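# Per-entry structural report
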Amino acid sequence: MTARLEGRGLSKSYGRRRVLQDVNLTLEGGVALGLIGPNGAGKTTLLRVLSGFLRSDAGKVSDVSGILESAMPRRRFAQFGGAHTIPPHVRARSWGILVSLGAWIPGEKRRVRDLSRGTRQMLGLRSTLARPNVDTLLFDEPWEGLDPDGARWLNATLLERVAAGAAVLVSSHRLHDLAAVCDRYAFLRDGSLRVCSREEIGPVVGGDELMREFDKRKDPA
Amino acid sequence: MRRWNVLRFINMVTPVRTVLLLPMGATLVFGAWLEAKNPGSSDSAVAFLMLLQLFAVSTGFVSHARRGFYDPVLERVPRRAIAHFFCALWPGCIVLVGIGIAELIAGGRTHALGASAWTALALISSVAWAVSVRAGALSGGAVWLLASLALLLSGRGLNVLGVIKAAELGQASLRDVVETGLLYPVTIPSLNLSTPAEAILLGVSATALTAGVEYIARADFPIREEQG
């Protein structure tokens, strides 16, 4: 498998609060990795450090071309940070035209703040997925606010991208959806990360099995 | 996202407020009307434009960056910062050029196209923008205007009218002109700046712009919820 994006020894603190501590993570082509952790564990921080939107205090992020500068956007890369990252005052259509460069333009003329939560989420996801020449995809809570049809569409789209060789990292609390899409799971707790394959968790991996794994890591005793 | 689209995108995410764009448009009409009525008399329109520009250019950066609004701009951070500055600057430039064209048509003194007016626009725009990068929208204009008013009301400021009159006659000292320009930037277009005074004020402007861009390039903007 090709390592599309690799983080080595990543650490990040906000003031005295240490969010990431010596985190190592490899994203491989054709693999979907699910990122699981309690609220405030540092999932968004990890995604933003890998995306180049945030500097790590220590460690390096690299791709096939070599070590990437901090706070520099990556090539062949798309990141979805949640519907709240779309400015509420812009019109959905204008946003679609600019962000997706014509690949997917919504007919919706209302402002983003006037759209339903699910439509906002869909707008953000469509914009991210419409970016051309992308082989690495990072998603933060992509199923948030989606109805069952939307969730099914997203699962199918992610599986298609993985089958086509993309590296996908998805952070979510929706463990059943993660289990439907991901091949491997990364548990983030107290700044440390542990990656498990499906086989390590059990013969069948569903939301319940992931929840059990999550609980084990919550209370190791 | 292509370069041109970066400007369009930032202009969409952090536009100059409509509440400021409308009076800026009205200032252009007012300046043209003054010129048509009495050529060479648009000084007050230029001064009012400078006052509006103080606030128009203070679009703010950090609060939007900390919500992830600029994430789709896949450009190096300094370029993103410069694009952000230009998006805040353009309405003032257009109005100043418009008043200048009205002056040329009227055939009077070309006040708006003069070096003093453009030095004023550069200084006001870069300093107010740089202050607002971290402090938030409208803050650059508010801070500068309040400081000017406080000095004026306290009586500790310079004799502004005296300096303007002396500058018109070419008798004001370099120090007085520069201090007046920095403390009361709206008066700069009326100060008949000498080349050294222009150079000093443009130096201040370049320093402020560099400081704003450097801040954006070096600072981290974690998403609010994540930082906790």
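Residues numbered from 1 in each chain as written. Chains lettered and ligands numbered in written order. Predicted model: local features only at pLDDT ≥ 70, side-chain atom pairs only at ≥ 80, totals over all residues.

### Considering the nonpolar core
Grouped together as the largest cluster of nonpolar side chains are 126 residues, with contacts concentrated most on A:Leu33, A:Val168, A:Val170 and A:Ala186. Of the residues forming this core, the biggest block, 12 residues, is contributed by helix 6 (residues 115-135) of chain B. (Core = buried A, V, L, I, M, F, W, Y, C linked by C-beta atoms within 7 Å. Buried ≥ 20, exposed ≤ 12 C-beta atoms within 10 Å, placed from the backbone. Helix = DSSP H or I, 4+ residues; strand = E, 2+ residues; numbered from the N terminus.)

### Digging into the packing of helix 3 (residues 43-56) of chain B against helix 6 of chain B
Residue and element names in this part refer to chain B. Between helix 3 and helix 6, whose axes approach to 9 Å, the crossing angle comes to 15 degrees. The angle between helix 3 and helix 6 falls in the class roughly parallel. The handedness of the crossing between helix 3 and helix 6 comes out as right-handed. Contact with helix 3, carried on its side by Val46, Met50, Gln53 and Leu54, involves Ala117, Ala120, Leu121, Ile124, Ser125 and Ala128 of helix 6 and no other residues of that element. The residue inventory of the contact of helix 3 with helix 6, partitioned by class, reads 8 nonpolar, 2 polar and no charged. (Axes fitted to C-alpha atoms, helices over the stretch in contact; angles between N-to-C directions. Parallel < 35°, antiparallel > 145°, perpendicular 65-115°, else oblique. Left-handed = near helix turned anticlockwise from the far one by under 90°. Contact = placed C-beta atoms within 7 Å. Nonpolar A, V, L, I, M, F, W, Y, C, P; charged D, E, K, R; others polar.)

### Overview of the interface of chain A and chain B
Contacts between chain A and chain B engage 20 residues on the former and 20 residues on the latter. Within the residue set of the side of chain A that touches chain B, elements represented by two or more residues are helix 1 (43-51) and helix 2 (92-100) of chain A. Taken together, the residues of the side of chain A that touches chain B break down into 10 nonpolar, 8 polar and 2 charged.

### Digging into the sheet that holds strand 10 (residues 192-197) of chain A
Residue and element names in this part refer to chain A. Read across the open sheet, the 6 strands follow the order 6-7-8-3-9-10; overall the sheet is mixed. The open sheet has two edge strands with one neighbour each: strand 6 (77-80) and strand 10. The sheet shows a mean angle of 15 degrees between the axes of neighbouring strands, direction not considered. Note: strand 7 (residues 136-140) against strand 8 (residues 167-171), 5 bridges, orientation parallel. Looking at strand 8, one finds that phenylalanine 139 is bridged to valine 170. (Pairing = 2+ DSSP bridges.)

### A few points about the pairing of strand 1 (residues 3-14) of chain A
The two faces of a sheet get side chains in turn, since along a regular strand they alternate between them. Residue and element names in this part refer to chain A. Bridge count between strand 1 and strand 2 (residues 17-28): 8 bridges; the pairing is antiparallel. Residue pairing in the sheet places serine 13 in a bridge with arginine 18 of strand 2. Hairpin connection between strand 1 and strand 2: a loop of 2 residues separates the two successive antiparallel strands, and glycine 15 in this loop has a positive phi of roughly 65 degrees. Bridge analysis of strand 1 against strand 4 (residues 58-63) gives 5 bridges, and the strand direction is antiparallel. Note on strand 4: the bridge partner recorded for arginine 8 is lysine 60.

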